[in-house]
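Okay, here's what each chain looks like letter by letter:
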Amino acid sequence: MADDRFQGHDYYQVDELLTEEHKLIRDTARTWVKQNVSPIIEEYAQRSEFPKQLISGLAEIGAFGPYIPQEYGGSGLDQISYGIIMQELERGDSGIRSTASVQSSLVMYPIYTYGSEAQRRKYLPKLASGELIGCFGLTEPDHGSNPGGMLTNFKDLGDHVILNGSKMWISNAPFADIAVVWAKNEEGVIQGLVVERGMEGFTTPETKGKWSLRASATGELVFDNVKIPKENIFPNVMGLKGPLGCLNSARYGISWGAIGAAMDCYDTALRYSKERIQFGRPIGGFQLQQKKLAEMITEITKAQLLAWRLGTLKNESRATPQQISMAKRNNVDMAIKIAREARQILGGMGITGEYPIMRHSMNLESVITYEGTHDIHLLITGMDITGENAFS
Ligand code: TGC
Ligand code: FAD
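Residues numbered from 1 in each chain as written. Chains lettered and ligands numbered in written order. Predicted model: local features only at pLDDT ≥ 70, side-chain atom pairs only at ≥ 80, totals over all residues. Heavy atoms only, no water.

## Some thoughts on a nonpolar patch on the surface
Let me state the cut-off plainly: Only residues whose relative accessible area exceeds 30% and that form no salt bridge are eligible for patches; like-charged ones are grouped when within 9 Å, while nonpolar side chains (Val, Leu, Ile, Met, Phe, Trp, Tyr) are grouped when within 5 Å. Accessible surface is estimated by sampling points in the Shrake-Rupley manner with a 1.4 Å probe; for residues, cover comes only from the protein chains shown. A pairing counts as a salt bridge when a side-chain nitrogen of Lys or Arg comes within 4 Å of a carboxyl oxygen of Asp or Glu. Secondary structure is summarised from DSSP: a helix means a run of H or I of at least four residues, a strand means a run of E of at least two, and numbering begins at the N terminus for each. When a residue's accessible area, from a 1.4 Å probe over protein chains only, is under 20% of the maximum for its type it is buried; when over 50% it is exposed; and in between it is partly exposed.
On the surface, Tyr11, Tyr12, Leu17 and Leu305 cluster together into a nonpolar patch covering about 430 Å² of accessible area. By the element assignment, Leu305 lies in helix α7 (residues 287-315). Overall, the relative accessible area of 32% leaves Leu305 in the partly exposed class.

Okay, here's the thing in structure tokens:
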């Protein structure tokens, strides 16, 4: 990839809504991404490999569990800080943000929120430091948008349970040390439990051939009569609201992350439009290209305000799942459209790895699908405003 010349964009002085600490966190994450992610990410994406050497750096900048209390190894930061870190990581690559948001929102969050004190003490500090990497198993081959229909189940055998079933499309699965898995008990009620690599009957085959999120490892979780000690079951949650509660946090982070990818595409296209000469003048002087760029910065600005407001509501524990759905859906849609338009501004160069746009564009095809598809989030809003359930 060409040199990372990224500059942030703040058309509406949104920075004035941030604290000095927020800006410091952003600068730290941005510098880290420029120094560690940008120089290598294209190569890793091309060969479809997650750059594991970034794990310790991600931990050092506080990307694992930013809002988890310090006594458990987290950074004890607020929700806006979490969002800003996700924005900066996704500015580098959605796959790097994925690893951090899975670790923070889908592994540390449930252990902290639903786990026993022993589970918190055992796992959280090691997850925060990157000594352990986790993954989150909700989706199954036949149950994606409808996780309540899951088939993975466990049977009670006294001091332990026996887990059977499989999960699909699981970020970080191929190398994760632990998996937070959602499965039905003998009464058909969903519960969460921690499965550790090395438990007999537990395998994590990698999913090959992705054209999207290539710098993130995706895989299956297969459970063949896996014996799990009962102390690995979360004691404090029952039902689908357990995993969906985790998704609220991850979806919120994605609403910020998508802004990072969009800003990178806009910044690249703006610079290119000033430097690329056709018909004797920079292409940025043509009205058609200006329309694209002007609409991009307008949409980025709207998305920034939406994410910031959602963060303030989340800080006050007032953000509803439906508000989170709206922000995830809008901001990812905004980013994918900007990536497609930005690619056109770069002409043929837009499809190469010299620039980050095509990689962002392909990544966002996953982001618009995972954590609830574009259409599912629309139906969540539809149900909220009409009171009518259009899912089934
Ligand atoms: P429904 O009957 O509506 O709800 C069941 C129970 O859950 C409660 N609930 C929520 N609780 C907390 N947060 C939310 N967002 C919640 N939404 C619902 C609800 O109140 C109820 O509670 P209770 O006490 O009455 O039992 O459930 P449903 O079966 O009709 O499904 C609703 C639907 C479709 C909205 C939901 O299942 C859904 O969101 N589907 C999308 C699935 C999804 O997002 N999967 C994501 C998998 S993880 C992932 O993609 C990680 S990618 C990671 C990365 O790399 O970044
Ligand atoms: P389906 O549910 O089969 O949906 C197919 C289409 O039908 C979609 O367009 C959907 O919007 C539409 N549809 C479904 N139901 C309705 C309805 N009622 N009304 C109208 N339209 C409907 N999952 C995890 O648990 N953990 C992970 O770490 C994880 N990481 C992922 C990483 C990647 C790269 C990808 C691609 C996915 C990941 N997922 C993960 C899974 C992801 O959450 C699911 O792919 C997603 O929830 C959609 O499920 P599905 O693919 O089975 O699509």
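## So, the domain arrangement of the chain
Our working rule: The domain boundaries here were taken from an automatic or database domain assignment. Values labelled buried area give the accessible surface lost by two parts on being combined, using a 1.4 Å probe and summing over both.
If you check the domain split of the chain, you get domain 1 (14-129), domain 2 (134-232) and domain 3 (241-386). For the pair domain 1 and domain 2, the summed buried surface comes to about 1,700 Å²; carbon and sulfur atoms form 63% of the total. Along the contact surface separating domain 1 from domain 2 lie 1 salt bridge. Between Glu196 and Lys122 there is a salt bridge whose closest N-O contact spans 3.0 Å.

## Section: the site of ligand 1
Convention followed: Neighbouring residues are identified by heavy atoms, a residue being near a molecule or strand if any of them is within 4 Å of it. Within 3.5 Å is the distance limit for a polar contact, defined as a pair of N or O atoms, with the added protein rule that one can donate a hydrogen and the other accept it, and that residues adjacent in sequence qualify only through two side-chain atoms. Side-chain classes follow a simple rule in which Ala, Val, Leu, Ile, Met, Phe, Trp, Tyr, Cys and Pro form the nonpolar group, Asp, Glu, Lys and Arg form the charged group, and the remainder, Gly included, forms the polar group.
Lining the immediate environment of ligand 1, one finds 25 residues, of which Ser98, Ser171, Asn248, Arg251 and Glu371 sit closest. Contacts to ligand 1 include Ser98, whose side-chain N or O atom sits 2.7 Å from an oxygen atom. Separating an oxygen atom of ligand 1 from a side-chain N or O atom of Tyr370 is a distance of 3.4 Å. Against a free-state accessible area of 1,100 Å², the protein chains account for coverage of 69% of ligand 1. Listing elements by their share of the shell around ligand 1, those giving two or more residues are α4 (94-114) and α6 (241-275). Partitioning the shell around ligand 1 into residue classes produces 12 nonpolar, 9 polar and 4 charged.

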